[in-house]
Amino acid sequence: MTVELATRLIDVLGALLLFTMLVILASGQLFRAIYAVALQAVFLGIAGAVLAAATGNPDLWVIAGITIVVKAFVLPWLLIRVVRTVQISREIEPAIPMTLTLIAASGIVVLAFHLNASLGPVRQTITGNALPVGVTLILIGVLVMASRRKALVQMVGLFASENGIFFTAMAISQGMPLIIEIGVILDVVLGALVMGILVLRVRSSVDTDIADLESLKG
Amino acid sequence: MTSNLLWLAPLVPFAAGLAMLLVRDRRALAALDVGSSLAVLALAAAIARRVAVSGPVSALGVFRADDLAVLFLLLVGLLAVAVAIATVGWMRQELARGQMRKDRLRWYFALVHGFIATMVVTVLADNLGILWIAMEGTTITSALLVGFHGDKHGLEAAWKYIIVTTIGISFGLFGTVLVYGAAVAAHGEVFAGAMNWSSIAAIAHKLDPGIIRIGFIFVVVGYGTKAGLAPVHMWLPDAHSQAPTPVSALLSGALIKCALLGIIRFHTIARGACGPEFSGGLLLLFGIMSVVVATPFIIVQHDIKRLLGYHSVEHVGIVALGLGFGGRLGTYGALLHVINHGVTKALVFLVAGDAIGRYGTRDMRVIKGYLGVAPFAGTLLLMGAFSLAGTPPFSIFVSELIILRAGLAAGRYASVAIFLLMVVVIFAGLILHVGQMAFGTAEATVDRQREARSPLLGMLLLSSVMVLLGLSIPASLDRLLARATEIVLG
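Residues numbered from 1 in each chain as written. Chains lettered and ligands numbered in written order. Predicted model: local features only at pLDDT ≥ 70, side-chain atom pairs only at ≥ 80, totals over all residues. Heavy atoms only, no water.

Caption draft 1: Structural context of the overall build of chain B. Counting its secondary structure elements, chain B contains 19 helices and two strands. Its C-alpha radius of gyration of 21 Å places chain B within 12% of the 23 Å reference for a compact globule of 490 residues. Along the first, second and third principal axes, the C-alpha set of chain B runs to 75 × 55 × 45 Å. Buried positions account for 67% of the 490 residues belonging to chain B. The long-range share in chain B, meaning contacts at least 24 apart out of those at least 6 apart in sequence, stands at 79%. (Helix = DSSP H or I, 4+ residues; strand = E, 2+ residues; numbered from the N terminus. Rg over C-alpha atoms; globule rule 2.2 N^0.38 Å. Buried < 20%, exposed > 50% of the residue type's maximum accessible area, 1.4 Å probe, protein only. Contact = heavy atoms within 4.5 Å.)

This is the structure in structure tokens:
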């Protein structure tokens, strides 16, 4: 695969990642957000495969495979299981009006691409627009987490944010060392498990959403 | 030989943690706890000796011990030992009061040792990716400990803790990726150890300053969340106050210092790539914000453990100020402050835990006459509080004075003025709160049983270090700090 083609494909995939991110941000339904983050992980895995073919780095094939298995199947499955167990309402009530969050999101996109334009020669080592797309995903993920008082949606925002980091990491100088990527993914899975445990424990004792507790103040 | 020590230091607590899962007896668990913590401290001392004699030691590019890492490793080891000793008696009381379930005891001890093992890895990591993985590992193990009691407040605090710090340090991962990308770009191709701090710091002057600036901002926000720098500190008072007392002592005393070490490592790289003004200025800004934001919450606080939590925000801010003022003096003061605050804060958390157990409340308006109820712990509370407030002859006074002098030398008069004002206000607030707790007469319902020996022993260990460091800094520690300062300055 030529470098030009890889760059073009990465830019297309970056656009698809951004699109799924906006779907997550705007979704008023829990399952839709979970499916969107799973789809996002599939695009991320394809991006890994494209970069693997373009650079000839075999580690990236492994990373792409792990990404699809863990982030597109295992984590969404875990989320759906938690939703089914606790039977929380599946509507998402935003704490901040949706229009405002969408305006903030478009501000983030502009800012990230502006930031990228100001960078020097180091841009050569990053394929396509991976850096601004990564920054955008991270920040919009935080926006999702901050604007929703629902534990499961906050977890979806977190995973989407991490997808942004992985995307940039893959596109920078042929990805991080394989062993580090595996360690990071392991952390993501363990973290998600612990979060799931906490959500279930709160459900079984006080019957509210853990993200809705706010007795600790001041 | 020495590189084996680097592998052993995290492996010992990890193996001890696994072994604990098979044990059900409280005494056996406590013995394992103290034994493994002593082993960590002994290994830290052995590594420190070796590094002092023959310079930095590296193990396969994964771990590396230099004087800076040794300083933090000794702190983690010392606190692990003191807290393990104090836990023996504390756990007996918790079981007697029905606060802890006997069948879940082994999980508690195993998690604590998993927590210690991950902290040791963060300190020794040379590979910045390993540093990040271990840092997230500390969150995962300690979040379960924060919510260990399973009550509503504890679970709420645990949720805030894990969700805020996980998203926070994912910023740190992004910053790490950018710095790694810059290193590879500067070198022209991927090279062995491209992710290692030692090799990146060596070529820091060749890195692209633009990308390092963005990377460092992400790192400071990321690891700063974990360290409790304002304005990303909001989880800290909740988690540190709701955790079981020994865990609070480790969180406030050791963990936030490990996160600071992460920032310091990137600070060195950023200094090399973009000069001292950028990263120093950013740390100065976060430092001032932390000190200012913590002050009003300390003044109006009624919950003793939340008070100590906010107080940690202030002190992390002071360390950041020291690093931000920069120069040999500021950096030396910041590193000394890391040790002083770690030791003192762990001590005061242990005392506070005892008081909460006796009075059955965390409300400082209800805790009265503690000095009469528990004369030894009460005395240590007063000493610890005066030290935290920055009174001579205690250790924190010394490091705060050094940081102030560094600020004046750097001509940062406005920052120094704000810092001084806040320290004075916090002094008044803290002494007022603690004075009300220590003096007066306790109500008749308060638990007046004789003080248990093991918590006192743990507290005495910490308070003797605190007093010693206030009176004079031993020559060996002074040399260690001086060498660590050179490493930070690059």
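Caption draft 2: How the structure looks around a positive patch on the surface. Side chains of B:Arg27, B:Arg92, B:Arg450 and B:Arg453 sit close together on the surface and give a patch of like positive charge. Tracing the chain through its elements places B:Arg27 in helix α2 (residues 26-54). (Patch = residues over 30% accessible without salt bridge, like charges linked within 9 Å, V, L, I, M, F, W, Y side chains within 5 Å. Areas by Shrake-Rupley, 256 points an atom, 1.4 Å probe, with all protein chains shown as cover. Salt bridge = Lys/Arg side-chain N within 4 Å of Asp/Glu carboxyl O. Lys, Arg positive; Asp, Glu negative; His and termini not counted. Charge placed at Lys NZ, Arg CZ, Asp CG, Glu CD.)

Caption draft 3: Highlighting the side chain of B:Lys305. Residue and element names in this part refer to chain B. Mapped onto the elements, lysine 305 comes out in helix α12 (residues 304-325). Reaching out from lysine 305, the side chain makes a polar contact with the side chain of serine 248 at a distance of 3.2 Å. Setting aside its immediate chain neighbours within four residues, lysine 305 contacts His240, Ser241, Ala243, Pro244, Thr245, Ser248, Phe349, Ile356 and Arg362. (Polar contact = N/O pair within 3.5 Å; in protein donor to acceptor, adjacent residues only side chain to side chain.)

Caption draft 4: Fine view of the interface of chain B and chain A. Contact residues are listed per partner, giving 50 residues for chain B and 49 residues for chain A. Both sides together, the interface formed by chain B and chain A hides about 4,100 Å², and carbon and sulfur atoms give 80% of it. By the criterion of area lost to chain A, the three top residues of chain B are B:Glu156, B:Trp159 and B:Phe174, representing 17% of everything that side buries. At the boundary of chain B with chain A, the tally comes to zero salt bridges. Our count for the chain B to chain A interface comes out at one residue pair in polar contact (both at pLDDT 80 or more). Broken down by secondary-structure element, the contributors of at least two residues to the side of chain B that touches chain A are α5 (128-146), α6 (152-187), α8 (209-227), α9 (236-242) and α12 of chain B. (Buried area = accessible area lost by both parts, 1.4 Å probe.)

Caption draft 5: Local environment of unusual backbone geometry. Residues and elements named next belong to chain B. A cis amide bond links alanine 230 with the next residue in sequence, proline 231, at an omega value of 5°. Mapped onto the secondary structure, proline 231 falls in the loop between α8 and α9. Looking along the chain, the bond that leaves proline 392 and enters proline 393 is cis, with omega of 5°. Secondary-structure assignment places proline 393 in the loop between α15 (375-388) and α16 (395-409). For leucine 60, which is not a glycine, the phi torsion comes out positive at approximately 60°. Among the structural elements, leucine 60 can be located in the loop between β1 (57-59) and β2 (63-65). Note on leucine 60: relative accessible area 76%, which makes it exposed.

Caption draft 6: Spotlight on the pattern of salt bridges. All names here are of chain B. As enumerated under the stated definition, the model contains twelve salt bridges over all chains in all. Note that arginine 97 and aspartate 447 form a salt bridge whose closest N and O atoms lie 3.3 Å from each other. Here arginine 97 is found in helix α3 (residues 67-97), whereas its partner aspartate 447 is found in the loop between α17 (413-438) and α18 (453-471), with 350 residues between them in sequence. By relative accessible area, which is 21% here, aspartate 447 ends up partly exposed. For arginine 101, the salt bridge goes to aspartate 103, with nearest N and O atoms at 3.1 Å. Salt bridges sharing common partners tie together Glu156, Lys160, Asp238 and Arg306.

Caption draft 7: Region of interest: a nonpolar patch on the surface. All names here are of chain B. On the surface, a nonpolar cluster with roughly 620 Å² of combined accessible area is contributed by Trp7, Leu8, Leu11, Phe14, Leu18 and Leu60. One can find leucine 18 in helix α1 (residues 2-20). A relative accessible area of 47% means that leucine 18 is categorised as partly exposed.

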